[in-house]
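Observations on the three-dimensional arrangement
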Amino acid sequence: MLNSIGIPGLIIILVIILIMFGPSKLPKLGRSIGESIKNFKDSTKDIMSDEEDEKKDQKL
């Protein structure tokens with residue numbers, strides 16, 4: 001799906017976002033999206049490590 005968007009599509013999406021949120025709110029929006037992605041990655045790492053620990057415990 002993302003392969004069919006292309007550069008012009010991405011530019012249009014970025015312009016729409018700029019119009020919707022305005023230039024003053026973009027840094028705050030980017031920061032909150034980045035923090036959300038970081039929290040998601042941390043959560044998935046915790047889940048994966050918990051599953052690995054359970055597998056190790058089952059082998060013993």
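Read on for a plain summary of the structure. Please read these numbers as outputs of a predicted model, since none were measured by experiment. (Residues numbered from 1 in each chain as written. Predicted model: local features only at pLDDT ≥ 70, side-chain atom pairs only at ≥ 80, totals over all residues. Heavy atoms only, no water.)

**Here's the deal with a nonpolar patch on the surface**
Our working rule: Patches here: salt-bridge-free residues with over 30% relative accessible area, like charges joined within 9 Å, nonpolar side chains (Val, Leu, Ile, Met, Phe, Trp, Tyr) joined within 5 Å. Computed with the Shrake-Rupley method and a 1.4 Å probe, the accessible areas treat only the protein chains shown as cover for residues. Criterion for a salt bridge: a side-chain nitrogen of Lys or Arg within 4 Å of a carboxyl oxygen of Asp or Glu. Where helices and strands are cited, they refer to DSSP runs of H or I of at least four residues and of E of at least two residues respectively, numbered from the N terminus. For the exposure calls, accessible area comes from a 1.4 Å probe over protein chains only, and a residue counts as buried if that area is under 20% of its type's maximum, exposed if over 50%, partly exposed in between.
A surface patch of nonpolar side chains, about 640 Å² in accessible area, is lined by Ile 5, Ile 7, Leu 10, Ile 11, Ile 13, Val 15 and Ile 19. Relative to the assigned elements, Val 15 resides in helix α1 (residues 6-21). Residue Val 15 is classed as partly exposed on the basis of its relative accessible area, which comes to 43%.

**Section: the environment of Thr 44**
Topologically, Thr 44 is positioned in helix α2 (residues 26-59). Given a relative accessible area of 29%, Thr 44 falls into the partly exposed group. Sequence separation between Thr 44 and Ser 4 is 40 residues, and the spatial gap between their C-alpha atoms is 29 Å.

**Comments concerning a negative patch on the surface**
How we decide: Within this scheme the basic residues Lys and Arg register as positive and the acidic residues Asp and Glu register as negative, but His and the chain ends are omitted. Lysine's charge is taken at NZ, arginine's at CZ, aspartate's at CG and glutamate's at CD.
There is a patch of like negative charges on the surface, built from Asp 46, Asp 50, Glu 51, Glu 52, Asp 53, Glu 54 and Asp 57. Inspection of the secondary structure puts Glu 52 in helix α2.

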